[in-house]
Each structure stands twice: as structure tokens, then as C-alpha cells.
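# Coordinate inspection notes
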Amino acid sequence: MSYAYHEPSELDEALALLARHGDDAHAVAGATAFMLLYRQGLLRPSHVVGLRRVRSLGGIRDDGGALVIGATATHREAERSPLVARHCAALARAFASVATVRVRNQATVGGNLAHADPAQDPPAMLLALDAAVTAVSPGGTREIPLAELFVDVLTTSLAPGELITAVRVPALAPGTRAAYVKFLPRTADDYATVSVAATLRRSEDGRVADVRVVLGAVGPTPIRATSAEDALRGAAPDAARIAEAAALARDAADPIDDVRGSAAYKREMARVWTERALRSLVA
Amino acid sequence: MKLAHSSTVPVPVERVWTVVMDVPRAAACVPGVSGVSGAGEDRFRGDLAVQVGPVRLSFSGEVAIVARDDAAHRATLRADAKEARLGGSVHASVEIALARAGEGCALRIESDLQVAGRIGELGQPLIQRKADQLLREFGACLARTAA
């Protein structure tokens, strides 16, 4: 088995290749996810379109207060970028907590989102930050909020032949704090049993003005625990209220039994780690 | 791998039973099924296309009704299919049971699935989620077809 490898330097060329070869083509950037599926024999494309030479897809920039990360920026670039760190330190940490340095030097931010693995770190954090991807196809360009991008395990709402060009993280309201934590009971480079990404902003009287809680690795997509958010919004975030919200996050989780724990255990860990994440945000 | 699915259909049990036992008609309710034709008494051939994320599978195989009890509304089906794109096979034993539930009908499908070959690399969690999804859509479509 083999495939023809194409490495266009223009985005239009890449889109044309994907349109021409249809189901027989697969787009890659760092190709870390692709190579795993390919070596397992689960993907058998005749054409692979490499995107790393398309310069317009790279780079990290500030766009009027929003953070824009190009699709082919690597995780390593994102974790070390002063722009990312200034925008949201927890986002930099989420990128830094993916797998190992070797993987992070190769794997790209856009590829990670297109792969739609619910156990990955950046999707949960970016969803908590209300990010959206810019997607382009021969038909034009559109913005897809992350809540609409992830449909199922390894499944996105991208149309065939459509590519992510960048992810856009809106400016955070002043005073917003963010956290990313994950539970790794096995090894440091393993997938998480559960991860929690959260943002929280308090008003001057100390009550919660805004909050977002997202669970990773405990469902077919990252899950926004909206009932937990509702329990906190407008309330004083004392220990009891946070415990109540964390219990609601447990109910929002939809995990399966696997080597990283039974479904019941993962639900309980979703509660524990949500409580920890929220406490860190009001400490 | 064992899967269980239950749902309630707001249609009398006899009507649902007629559709379920009309295999080509019932098979049209499974998303991705095509080309169903008879292959002898209580045997049918057909194809099934399934997509799991970026992985596309295309099955080709046979379904046989191995036991049926029209009075009790229970049947046992046996499905054997080969996957041509990646290589592999699926063998399934499926128990279908219908029961009266008020004005409607309770549908219960219990499957025991054996997955062999490369498609097994997808892993049980992914296969299970996909199979659950197919069964859910089957149940919903059955309600529309029998209504």
C-alpha cells in the first residue's frame, strides 16, 4: 500500500487537490494523527495532501485583541508563544500538556481540532475560551464555533474537502481567570482519564459574573457542563456552591468503560477535578 | 461485544412486527444499507456503508432469520458480513423482542457482536458507539415506517 504525497505551497492548490481526489485524498499537516490511523490500516488514501508549505496557514497573531493561531502552527509554537501566554496562560498550559515534546514539535493546532479526539487537551480549553475555527472550501470561507465543530468521536462538521485555516480565540473580558487540569493516573504522556477546562469572572461584589466549564475525555466530544455553570452564575462561589456545581458536572459527563477507568469512576473524577479547577479560579 | 437497545414505538405491536419481519423493508431503516435482495428462504444479502470519523467501512454480507415466534413477537437473526476496504469481518447474533406497551410497542434488540481483522483496530469503544447510533436510528425509523 502506498499513496502519492502532494505538498502544495498555495491554499487554492491544496483545495483543488482535495476536490479533485475526493474520498481518495486525505489532508495532513503534522500527520501525527494520520500516521497512527494509517499504520493501524484504518486509512487507505491514494493521495495525501501535506499543508505545511502553505505559508498562509502558519503563524500566531493578535487581531484587535483576539488571538489567531494558524492551522499549521505546532503545539510547541503555541505553548511557547508570548502572544498565547499573554492572552491566556491556561491555554499555553493546555498546549504544553499534550503528549510529549516530540509530538508537540510535529502536531499542529489545526490538525488537532480536525482530528476531533475528545480526549485531547486543546479542544476542551479552546471550547471553554469560546473559540471558533475559520474553515475554507472552494465554496468560500466560514467561521465554525467549536461547540458546532465537534460532532462525534473523530468526527467534525467540516464538509469533505474543507480545511481549517486558523482558530480564533476572542478577547477575554477583563478579570477572567482560566484553568486547565487533567487527571493522569497512569503515565505523564497518556490520555487523560478526565480533563477540565474552566473560565470564571467575578463581579465587584464577588459573585460569579460569567463561567464556562468544559469536560474532556468523558464523552464523544468535549462536553460543556452548562448545568454546573448555571449553578454558579450570579452566586457567591463559596465551597458549598462549588461542590454543588461539581456534582452537576459529574452528571454532565458521558464516559465509557476503558483502561483509564470505569464509566462510574470517570464520572466521579469529573466531579473531583471540576471542583479542583473551580477552587483554583476563586482562590 | 454485547449491545442492548430498547425503545418504545407509538404503533401497535402487530404493525411493528410485520415491518421487522419484512427484512428488506426493515433493513431500509438502517442508515447506509443498500442492495438488499432475497438469498433463499429467510435469507437476505445486502451491503452496509459505515463511516467512523475519517474511517470508511463497506460491509457486504448475509442476514438469516434462524428462529421466529410470531405469536410471542420474538425472533433470532444471524448476520455475517465481510469488510472489503480494510479487511475484516463481523458476525452477529441478534435477538429481537417486541411487547405491548400501552397503545404502542416496546422494542428490544440484544446483539452479540464478534469483530475480526483490521476493523477491530477501531477499538471497542468506537465500534460500540457506532453500533448504538445505528440501532437508535433504526428504532426511530421503524416507528416512522410502521406508523
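Nothing here was measured: the structure is a model prediction, and the numbers come from that model.

## Here's the deal with the overall build of chain B
Along the backbone of chain B there are 3 helices and 7 strands. Secondary structure elements in chain B, listed N-terminal to C-terminal, are β-α-α-β-β-β-β-β-β-α. Relative to a compact globule of 147 residues, whose C-alpha radius of gyration would be 15 Å, chain B shows 15 Å and is just as compact. Taken over the C-alpha atoms alone, chain B extends approximately 45 × 35 × 20 Å along its principal axes.

## Thoughts on unusual backbone geometry
All names here are of chain A. The backbone of Ala116 shows a phi angle near 55°, a positive value even though the residue is not glycine. With respect to the secondary-structure elements, Ala116 resides in the loop between helix H7 (109-115) and helix H8 (121-128). In this model, Asp130 sits at a positive phi of 65°, which is unusual for a non-glycine residue. As for its position among the elements, Asp130 is in the loop between H8 and strand S6 (132-137).

## Some points on the environment of A:Ala135
Residues and elements named next belong to chain A. With respect to the secondary-structure elements, Ala135 resides in strand S6. Looking at Ala135, the number of C-beta atoms within 10 Å reads 23, which means it is buried. If near-sequence neighbours (up to four positions away) are discounted, Ala135 is found in contact with Arg142, Ile144, Leu158, Glu162, Leu163, Ile164 and Thr165.

## Digging into the packing of helix H11 (residues 239-252) of chain A against helix H12 (residues 263-282) of chain A
Each packed pair of helices is defined by two parameters, the angle between the axes and the distance between the axes. Residue and element names in this part refer to chain A. Axis separation between H11 and H12 bottoms out at 8 Å; the angle between their running directions is 145°. The element H11 and its partner H12 pack so that their crossing is right-handed. Contacts between H11 and H12 involve Ile242, Ala243, Ala245, Ala246, Ala247, Ala249 and Arg250 on the former and, on the latter, Arg267, Glu268, Ala270, Arg271, Thr274, Glu275, Leu278 and Arg279. Residues belonging to the contact of H11 with H12 are distributed by class as follows: 8 nonpolar, 1 polar and 6 charged.

## Details of the environment of B:Val11
Structurally, the position occupied by B:Val11 is in the loop between strand S1 (2-9) and helix H1 (13-21). When sequence neighbours within four positions are dropped, the list of residues in contact with B:Val11 reads B:Val16, B:Gly104, B:Cys105, B:Ala143, B:Ala146 and B:Ala147.

## Focus on the interface of chain A and chain B
Residue-level contacts link 13 residues of chain A with 12 residues of chain B. Taken together, the residues of the side of chain A that touches chain B break down into 8 nonpolar, 3 polar and 2 charged.

## Digging into the domain arrangement of chain A
Accessible area lost during the coming together of the parts is what is often quoted as the interface size. Residues and elements named next belong to chain A. For chain A, the assigned domains read domain 1 (4-50), domain 2 (55-169) and domain 3 (177-282). With centres defined by C-alpha atoms, the gap from domain 2 to domain 3 works out at 21 Å. Tallying the contact residues gives 21 residues for domain 2 and 21 residues for domain 3. Listing elements by their share of the side of domain 2 that touches domain 3, those giving two or more residues are helix H5 (89-96), H8 and strand S8 (150-152). Broken down by element, the residue count for the side of domain 2 that touches domain 3 peaks at 6 residues, all from H8. Grouping the constituent residues of the side of domain 2 that touches domain 3 by class yields 16 nonpolar, 2 polar and 3 charged.

## Observations concerning the environment of A:Leu51
Residues and elements named next belong to chain A. With respect to the helices and strands, the residue Leu51 is situated in the loop between strand S3 (47-50) and strand S4 (60-63). Note on Leu51: 25 C-beta atoms within 10 Å, which makes it buried. Dropping the residues within four chain positions of it, Leu51 is found in contact with Ala14, Ala27, Val28, Ala29, Leu57 and Thr72.

## Focus: the confidence of the model for chain B
Residue and element names in this part refer to chain B. The share of residues in chain B with pLDDT of 70 or more is 100%, and the mean pLDDT across the chain is 91. Mean pLDDT across the elements of chain B bottoms out in helix H3 (residues 124-146) (85) and peaks in strand S5 (residues 74-83) (96). Here the complex is predicted with pTM 0.88, and the ipTM for its interfaces comes to 0.70.

## What to know about the sheet that holds strand S14 (residues 223-224) of chain A
Residue and element names in this part refer to chain A. Strands sit in the order S11-S12-S13-S14 across an open sheet of 4 strands; the sheet is antiparallel. Since the sheet does not close on itself, it has two edges, and those belong to strand S11 (177-183) and S14, each with one partner. Sheet analysis places strand S12 (residues 194-202) next to strand S13 (residues 208-216), joined by 8 bridges and oriented antiparallel. Across the sheet, residue Arg201 finds its bridge partner in S13, namely Asp210.

## A look at the sheet that holds S3(A)
By way of backbone hydrogen bonds, the strands of a sheet pair with one another, either parallel or antiparallel. All names here are of chain A. Ordered in space as S1-S3-S2, the 3 strands form an open sheet in which the pairing is parallel. One side of each edge strand has no neighbouring strand; the edge strands of this open sheet are strand S1 (4-6) and strand S2 (25-28). Sheet twist, expressed as the mean angle between neighbouring strand axes with direction ignored, is 25°. Taken together, the 3 bridges between S1 and S3 define a ladder with parallel strand orientation. Directly across from Tyr5, in S3, lies its bridge partner Val48.

## Quick look at the nonpolar core
Side chains of a nonpolar character, in soluble globular proteins, are inclined to be buried together. Formed by 103 residues in total, the largest nonpolar core has its most connected members in A:Leu91, A:Met125, A:Ala197, A:Ala198, A:Leu215 and A:Ala249. Among the elements that take part in this core, H12(A) stands out by supplying 6 residues, more than any other. Filtering out sequence-adjacent residues up to four positions away, A:Leu215 remains in contact with A:Ala124, A:Val194, A:Val196, A:Pro222, A:Ile223, A:Ala225, A:Ala249, A:Ala252, A:Ala253 and A:Ala270. Core analysis: the next-biggest nonpolar cluster, separate from the first, contains 19 residues, B:Val9, B:Val16, B:Phe44 and B:Cys105 among them.

The rules behind the values
- Residues numbered from 1 in each chain as written.
- Chains lettered and ligands numbered in written order.
- Predicted model: local features only at pLDDT ≥ 70, side-chain atom pairs only at ≥ 80, totals over all residues.
- Helix = DSSP H or I, 4+ residues; strand = E, 2+ residues; numbered from the N terminus.
- Rg over C-alpha atoms; globule rule 2.2 N^0.38 Å.
- Buried ≥ 20, exposed ≤ 12 C-beta atoms within 10 Å, placed from the backbone.
- Contact = placed C-beta atoms within 7 Å.
- Axes fitted to C-alpha atoms, helices over the stretch in contact; angles between N-to-C directions.
- Left-handed = near helix turned anticlockwise from the far one by under 90°.
- Nonpolar A, V, L, I, M, F, W, Y, C, P; charged D, E, K, R; others polar.
- Domains from an automatic or database assignment.
- pLDDT = per-residue confidence, 0-100.
- Pairing = 2+ DSSP bridges.
- Core = buried A, V, L, I, M, F, W, Y, C linked by C-beta atoms within 7 Å.

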